[in-house]
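The primary structure of each chain is shown beneath.
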Amino acid sequence: MMDQSNKTEYTGVTIGPIVTTLLSAKSTKGTWAASYLFASFMRNLLDAFWKAHPDSRTDLLMPAFDGTYDEDVRAGLYPDRCILQGDYVATLESAKTSLITQLAKDIVADLESSKLKLYGKAGRWETNELTLDKVTQYLFEYLTIRIHLFRFEEVVENPVVAINRLLDTAELDMRPISEADTDFLYYFLDHVYYNSLVRERFSMGTRELFFPSTAEIAAQTYDGQDAYLAAQSILRSKEGEGAVDDPEAQQNFYDVLKKSYGDNFRNFQKYVAVIQADADNMRGVIQQIFMAGDDGGLSSEELFQKFSALLKSFSKEAVQMIVKNGGTSVFGGGDEQLFFAPVAQLVIENEGGEQQALVSSTVFGLIDKLDALFQKRICEGEFKDLIAKLDKRPTFSFGVSIAYYKFPFNEILSLSFDLMKNKAKSGDKNGLAWEVCKHSGVRFGTVMQKDTDVYKQFRVFLKSFTQQRPEGNVIKGVAFKLQTLALLLQEIGLKPAHERAKHLASLFKNQFNEETHLEPAKPGMLRKDRKLKAYLEHLKELILCIYAMNELSDFTKKQVAAENQRKIDQVVAILRLVNFIHNNEERDEF
């Protein structure tokens, strides 16, 4: 049972700078290691508290921690904050010093063994000039590990929200990150072939260490097949720093795949998806927990600890789901997820004695699975009745950046952050914001709320191509045609909702009446009686859903044209996505 006598005194911890460090990495491995560095640091701080105060473990409010190591999870599970009821500053400050000193030792050992060329403001370093003192001083100046003691004059009814607000304020007052002569952490995270953090989680005993590069994640659908393993060996053929990120090796990797799979190779397999997800409306859940008071013999604090444990359990399941679907999880901190994934998965089927690759799923399918898991475990689980009292139930918002494998990885990551924070979480939240950055520099994407008919029909439209590929340039032709029909679509959009389906059906029948648009004719059937192909029927429904949101009639005359164009741009972006997924070669047709 939690000690209720110290409810006016709390210890709060923040660690960083996480975003700055993540965005300094240039590779998948460096990004993962940068994230895991902070998650493992928090875990080790919690472990120090756990061992030093065995009789006070229930004073840990967040995050959930039980003293185990989570050896089966290859991702960070611990967030950048923790809150304890009571004064544990001395214990955590001592642990912080020990942990930074040990990290400095690991960095020196890895840099010395890697024989890297290090560069600073004064020019090149030789690794034998490294000293533990230099690296230790650098870490104490760079890392912002802040341990605060908060004392209140009276009992705090909702300490989690109150302390988090104080930590927000404390972070605003932090000194700027000092610019070091040499960024030892950058070299350690991104340039050491496999640093101690990667070895800790990706060691396979006697087998070679493995961490997937952007190219390997992008083409993951072939993982385990002989041709993929042969191509992968090219990336592993060099020894030392940067082998998997060597441009020539990556080009050779793709040359082998294209030669082996021929027309069954898809151009999207040169692109990687970076997904940043963040839960919405979680503060409401926390407030409801502390309003609930005593529940079945549990105090509010104990009830919150139970909820934190549930979030951690969900996070571990989410990481496993991501890996099972071909992704690589970077961080799974309960209400946050960061992971890399292939754009789509292919299945090879035999048709008439010939092999044909068909898209079986996309990254959006994985997002739907994670959404469903969150709803099942968090919203429909043991806290179901409590969450039902909320005006807005918790959801997840996603930012998805899809970019060419040679694109600077920190820029792909930064874009996913921006899409999630500034687009997906805007308005009613529960959003999905995605953007494709083509090799040519062309970009396209859109934003959707996942609980709307627009998103549901978007998913139906994508799935209409899972068992067949669009023929030739048909998608390009449809997109061009729709853009020329802007005024007609605007006119239809201004009609009463119950009349639109009839008018849009007539427009499609008149404009999309070529052989490539129609289902095969039955004997004796006239062309005018033939049905549109399924994907066009789904596209028609998608357009109706898009025009039903933010009705054109609600805008002023001056605004109508701009809003109509925004709707058409959203349709075209979705059509471009379909074309992108199914192309064999790099193209920017429209």
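Residues numbered from 1 in each chain as written. Predicted model: local features only at pLDDT ≥ 70, side-chain atom pairs only at ≥ 80, totals over all residues. Heavy atoms only, no water.

**Some words on the sheet that holds strand 13 (residues 431-437)**
The mixed open sheet is built from six strands, whose spatial order is 8-9-7-12-13-14. Since the sheet does not close on itself, it has two edges, and those belong to strand 8 (328-332) and strand 14 (443-449), each with one partner. When strand polarity is set aside, the average angle formed by the axes of neighbouring strands in this sheet is 10°. Contacts between helix 15 (residues 409-424) and the sheet are confined to strand 7 (271-280), strand 9 (336-342), strand 12 (395-404), strand 13 and strand 14, with strand 12 contributing the most and set at about 150° to the helix. (Pairing = 2+ DSSP bridges. Helix = DSSP H or I, 4+ residues; strand = E, 2+ residues; numbered from the N terminus. Axes fitted to C-alpha atoms, helices over the stretch in contact; angles between N-to-C directions. Contact = heavy atoms within 4.5 Å.)

**Side note on the nonpolar core**
Within the largest apolar cluster, 116 residues are counted, with the highest numbers of intra-cluster contacts made by L257, W434, F458, L482, L539, L577 and F580. No other element matches the 10 residues that helix 21 (residues 557-582) contributes to this core. Beyond its immediate stretch of four places on either side in the chain, F458 contacts F364, W434, M448, L542, I574 and L577. Counting 72 residues, the second largest nonpolar core, distinct from the first, contains L46, A95, I145 and L415. (Core = buried A, V, L, I, M, F, W, Y, C linked by side-chain atoms within 4.5 Å. Buried < 20%, exposed > 50% of the residue type's maximum accessible area, 1.4 Å probe, protein only.)

**Here we look at the environment of I234**
Examined against the element boundaries, I234 turns out to sit in helix 9 (residues 226-235). Once the C-alpha coordinates of I234 and A249 are considered, the two residues, 15 residues apart in sequence, prove to be 6.2 Å apart. Excluding residues within four positions of it along the chain, I234 makes contact with A249, N252, F253 and V256.

**Describing the packing of helix 11 (residues 282-292) against helix 12 (residues 300-324)**
Each packed pair of helices is defined by two parameters, the angle between the axes and the distance between the axes. The contact between helix 11 and helix 12 brings their axes to 8 Å, and the two run at 145°. When the axes of helix 11 and helix 12 are compared, the crossing they make is right-handed. On helix 12, the residues touching M282, V285, I286, I289, F290 and A292 of helix 11 are S300, E301, L303, F304, F307 and L311. Of the residues that constitute the contact of helix 11 with helix 12, the class distribution is 10 nonpolar, one polar and one charged. (Left-handed = near helix turned anticlockwise from the far one by under 90°. Nonpolar A, V, L, I, M, F, W, Y, C, P; charged D, E, K, R; others polar.)

**Comments concerning the side chain of S308**
Checked against the element boundaries, S308 lands in helix 12. The residues contacting S308, other than those within four sequence positions of it, are L61, M62 and A64.

**Thoughts on the pattern of salt bridges**
Any two side chains of opposite charge can pair if their charged atoms end up close together. Scanning the entire structure with this criterion turns up 19 salt bridges. Close ionic contact of D168 with R81 constitutes a salt bridge, the shortest N to O distance being 2.6 Å. In this pair, D168 is assigned in helix 5 (residues 159-172) and R81 in strand 3 (residues 81-85), connecting sequence segments 87 residues apart. With relative accessibility at 11%, the residue R81 sits in the buried group. K384 serves as the salt-bridge partner of E380, at 3.8 Å between the closest nitrogen and oxygen. Taken together, the salt bridges that share partners define one network made up of D278, D280 and K425. (Salt bridge = Lys/Arg side-chain N within 4 Å of Asp/Glu carboxyl O.)

**Section: helix 5**
Here helix 5 contains 14 residues, and its C-alpha end-to-end distance of 20 Å stays within 8% of the 20 Å for a straight helix at 1.5 Å per residue. For helix 5, the full list of buried residues reads P159, V160, V161, I163, N164, L167 and A170. The secondary structure elements touched by the buried residues of helix 5 are strand 1 (9-14), strand 2 (60-62), strand 3, strand 6 (146-151), helix 11 and helix 12. (Expected span 1.5 Å × (residues − 1).)

**So, the packing of aromatic side chains**
If you walk through the whole model with that rule in mind, you get 31 aromatic pairs. Summarising the aromatic geometry, the rings of F307 and F383 are spaced 5.1 Å apart at their centres and angled 75° between planes, so their arrangement reads as edge-to-face. On the criterion of sequence distance, the pair formed by F307 in helix 12 and F383 in the loop between helix 13 (363-379) and helix 14 (384-387) is long-range, its members being 76 residues apart. Here F307 falls in the buried class, since its relative accessible area comes to 2%. The class of F383 is buried, set by a relative accessible area of 4%. With centroids separated by 5.4 Å and ring planes inclined at 85°, the aromatic side chains of F364 and F458 adopt a geometry described as edge-to-face. Here F458 lies in helix 16 (residues 453-463) and F364 lies in helix 13, a separation of 94 residues in the sequence. Across this residue pair, the class does not change: F364 and F458 are buried. Ring-pair connections join several aromatic residues into one group, and the members of that group are Y228, F253, Y254, F265, Y271, Y404, Y405 and F580. The ring of Y254 has K270 sitting right over it, with the charged end atom 5.7 Å from the ring centre. (Phe/Tyr/Trp six-rings, centres within 6.5 Å; stacked < 30°, edge-to-face > 60°. Lys NZ or Arg CZ within 6 Å of the ring centre and 35° of its normal.)

**Focus: the sheet that holds strand 6**
Spatially, 2-3-1-6 is the arrangement adopted by the four strands of the open sheet, whose pairing is antiparallel. A strand with exactly one partner marks an edge of an open sheet, and here the two such strands are strand 2 and strand 6. Shown here is a sheet whose adjacent strand axes are inclined to one another by a mean of 25°, direction ignored. Here five bridges tie strand 1 to strand 3, and the two strands are oriented antiparallel to one another. In the sheet register, V13 faces strand 3, and the bridge partner there is C82.

**Describing unusual backbone geometry**
Residue G16 is joined to P17 through a cis peptide bond whose omega torsion reads 0°. Among the secondary structure elements, P17 is positioned in the loop between strand 1 and helix 1 (18-24). Residue P63 follows M62 across a cis peptide bond; omega there is -5°. For K429, which is not glycine, the phi torsion reads 60° and is therefore positive. With respect to the element layout, K429 can be found in the loop between helix 15 and strand 13. Positive phi values are uncommon outside glycine, yet N430 reaches one of about 50°.

All quantities given are derived from atomic positions and should not be read as evidence of function.
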